[in-house]
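# Inside the fold
One-letter residues, chain by chain:
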Amino acid sequence: MAHIFFDHISTTPVDPRVIEAMLPYFGEKYGNPASHIHDLGQTALRSLDAARGSVARMVGAQPGEIVFTSGATEANNLAIKGAAAGSKDRRHIIVSEVEHFSVLNALLPLRASGFETTVLHVDHDGRVDPDDVRKAIRPDTLLVSVMHANAEIGTIQPVSEIGRIARERGVLFHTDATASAGHIPVDVEAIGADLLTLSAHNFYGPKGIGAIYVRKGTRLESMLDGGFQEGGYRAGTENVPGIVGMAAAAEIAMAESVGWADRLAPLGRQLWDGLEASIPLLHFTGHPKERLPGHVSFWVEHAEGESLLLLLNMQGVMAASGSACSSNLRGHDEEDLVASTVLKAIGVPSDICTGSVTFSMGKDNTGADVAHVLSVLPAIVSRLREMSPTWLDYQKQQGG
Ligand code: PMP
């Protein structure tokens, strides 16, 4: 049976070169970088410094501006809560409505403690209008947080424009580059970011390790009480094997990601065109052009998203449901438990949309994988529609 992984947006396979780089740090190189009076500690500290340099280079930063965290969730929490705690008198934060929940939910305790938030709407393609950011900034605005790319619908935000506006108005700009880093160019200067979130497992590195870029001079309070690791921003003994793995993945991405994108963008286009030609009443989500390479997301009328994914899995194709990560929300409307907040934000009608599909290709996918998906998906949709009462009604209507 086929074995096609089209869910790289949820995680990527660890590159064998990354595993190789990490292995000694689970074995003989077990030192703690904070205890560097001896050789083993020195080895760990040197590796940590080198890794910081690699991750910094990947995003155009200085090594001292990289703080390693347990992943993107922690980095986003640190960006939002740390900036709020570091603020003297500004108590207003602006985010977009399509941010990951590690940004949206990080606002909940801040609101409870008196911070005000503006949640910006996005357009039909999931894009924030930079002009809306300009209008939302107030004299007491502390931070704007708009993600670089959305995992669910693939849309890339106009972050450079937003960063420029924030800079002009003296407001901090955070961008969550979890879905984009290692795939498309991410440069903290070009974006104008003061804070930027990274996650290793999204670019062929290990899970449980990420980083936040903190522009020199940015006021950010640590969220963990403890030791003085990571420049005082993040207490706790560093995950040295993970950090070494993240750095190896960063080096590989710097050398190869332009080639991956050049190959994946046409494959994504091929899949998009093939779906458009073979499945009626299919609606793509996200921006048609400003999107991650190899990312194709959509929903189909009269075919339930989750069933579609289960049947695809039976054909050896693993993909994601857009609404999967939207259940179990804290502090959000009951209605949100059903429909994905991102799909709602872009105006997908919740009465006819019963779940979306996100196909996200990775560096090892091929044209044959796309051809396989295109050969099985139309029949799966037809099969689901045959079981759907709404499809029967629709056909009756069409027949007069
Ligand atoms: N930000 C974005 C844009 C994401 O897509 C995700 C999920 N991969 C996260 C943050 C959280 O990442 P993690 O669960 O690895 O901490």
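Refer to the structure above for everything that follows.
These figures come from a predicted structure and were not determined experimentally.

This part takes up the overall build of the protein. What the protein contains, in helices and strands, is 13 helices and 13 strands. Relative to a compact globule of 400 residues, whose C-alpha radius of gyration would be 21 Å, the protein shows 22 Å and is just as compact. Seen through its principal axes, the protein has C-alpha atoms that stretch 80 × 50 × 35 Å. When burial is assessed residue by residue, the protein has 56% of its 400 residues classed as buried. Considering only residue pairs separated by 6 or more positions, the protein has 72% of its internal contacts joining residues 24 or more positions apart. Carbon and sulfur atoms provide 54% of the accessible area of the protein, an area that totals close to 17,200 Å². Taking the average place of the 32 positive charges on the side chains of the protein and the average place of its 47 negative ones, the gap between the two points comes to 4 Å.

Further remarks concern unusual backbone geometry. Backbone geometry places glutamate 230, a non-glycine residue, at a positive phi of 50°. Among the structural elements, glutamate 230 can be located in the loop between strand S8 (210-214) and helix H9 (240-278). Look at glutamate 230 and you get buried, because its relative accessible area is 7%. A positive phi angle, close to 65°, is found at histidine 302, a residue other than glycine.

With their axes 10 Å apart at the nearest point, helix H10 (residues 305-314) and helix H12 (residues 367-386) run at an angle of 135° to one another. As the angle between them shows, H10 and H12 are arranged oblique. Between H10 and H12 lies a crossing whose hand is right-handed. Seen from H10, the contacting residues are Ser307, Leu308, Leu311 and Leu312; seen from H12, they are Val376, Leu377, Ile380, Val381, Arg383 and Leu384. Considering only residue class, the contact of H10 with H12 consists of eight nonpolar, one polar and one charged.

Attention now moves to the site of the ligand. Lining the immediate environment of the ligand, one finds Ala72, Thr73, Asn76, His100, Ser102, Met147, Ala151, Asp176, Thr178, Ser199 and His201. Within the contact set of the ligand, an oxygen atom lies 3.5 Å away from a backbone nitrogen or oxygen of alanine 72. Histidine 201 is positioned with one of its side-chain polar atoms (N or O) 2.8 Å from an oxygen atom of the ligand. Burial of the ligand by the protein amounts to 80% of the accessible area it has alone, namely 390 Å². Counted by class, the shell around the ligand contains three nonpolar, seven polar and one charged residues.

Our focus in this paragraph is the packing of helix H2 (residues 39-58) against H9. Relative orientation of the contacting elements H2 and H9 amounts to 35°, with a least axis distance of 8 Å. Handedness of the crossing formed by H2 with H9: left-handed. In contact with Ser47, Leu48, Ala51, Ser54, Val55, Arg57 and Met58 of H2, H9 contributes Ile243, Val244, Met246, Ala247, Ala250, Glu251, Ala253 and Met254. Tallied by class, residues from the contact of H2 with H9 come to 11 nonpolar, two polar and two charged.

Of all five residues making up strand S13 (residues 356-360), five are buried, and the element is well covered by its neighbours. The two faces of S13 match: Ser356, Thr358 and Ser360 on one face and Val357 and Phe359 on the other face are all buried. Relative to S13, strand S12 (residues 320-321) is paired through two bridges, and the arrangement is antiparallel. Bridging from a neighbouring strand, serine 321 pairs with valine 357 of S13.

What follows concerns the sheet that holds S8. Strands sit in the order S2-S8-S7-S6-S5-S3-S4 across an open sheet of seven strands; the sheet is mixed. One side of each edge strand has no neighbouring strand; the edge strands of this open sheet are strand S2 (66-69) and strand S4 (116-120). Taken over all neighbouring pairs, the strand axes of this sheet differ in orientation by 20° on average, direction set aside. Both S2 and S8 contribute to a ladder of four bridges, which runs antiparallel.

In this structure, Val59, Ile66, Phe68, Val144, Leu196 and Met246 are the most contacted members of the largest nonpolar core, which totals 59 residues. Residue contributions to this core peak at nine residues, all from H9. Once residues lying within four places of it in the same chain are set aside, the contact partners of valine 59 are Ile66, Val186, Asp187, Val188, Leu196 and Leu198. With 30 residues, the next largest nonpolar core counts Leu282, Phe284, Val357 and Val370 among its residues.

This structure, assessed with the given rule, holds six aromatic pairs. For the ring pair phenylalanine 298 and phenylalanine 359, a centre distance of 5.5 Å and an interplane angle of 55° mean the geometry is tilted. Pair noted here: phenylalanine 298 is in strand S10 (residues 295-300) and phenylalanine 359 is in strand S13, with a separation of 61 residues, a long-range link. Of the aromatic side chains, those joined through ring pairs into one cluster are Phe6, Trp272, Phe284, Phe298 and Phe359. Lysine 363 extends its terminal NZ or CZ atom over the ring of tyrosine 204, reaching a point 4.9 Å from the ring centre. One residue, arginine 385, lies across the ring of tryptophan 391, its end atom 4.7 Å from the ring centre.

Thresholds applied
- Residues numbered from 1 in each chain as written.
- Predicted model: local features only at pLDDT ≥ 70, side-chain atom pairs only at ≥ 80, totals over all residues.
- Heavy atoms only, no water.
- Helix = DSSP H or I, 4+ residues; strand = E, 2+ residues; numbered from the N terminus.
- Rg over C-alpha atoms; globule rule 2.2 N^0.38 Å.
- Buried < 20%, exposed > 50% of the residue type's maximum accessible area, 1.4 Å probe, protein only.
- Contact = heavy atoms within 4.5 Å.
- Areas by Shrake-Rupley, 256 points an atom, 1.4 Å probe, with all protein chains shown as cover.
- Lys, Arg positive; Asp, Glu negative; His and termini not counted.
- Charge placed at Lys NZ, Arg CZ, Asp CG, Glu CD.
- Axes fitted to C-alpha atoms, helices over the stretch in contact; angles between N-to-C directions.
- Parallel < 35°, antiparallel > 145°, perpendicular 65-115°, else oblique.
- Left-handed = near helix turned anticlockwise from the far one by under 90°.
- Nonpolar A, V, L, I, M, F, W, Y, C, P; charged D, E, K, R; others polar.
- Near = heavy atom within 4 Å.
- Polar contact = N/O pair within 3.5 Å; in protein donor to acceptor, adjacent residues only side chain to side chain.
- Pairing = 2+ DSSP bridges.
- Core = buried A, V, L, I, M, F, W, Y, C linked by side-chain atoms within 4.5 Å.
- Phe/Tyr/Trp six-rings, centres within 6.5 Å; stacked < 30°, edge-to-face > 60°.
- Lys NZ or Arg CZ within 6 Å of the ring centre and 35° of its normal.

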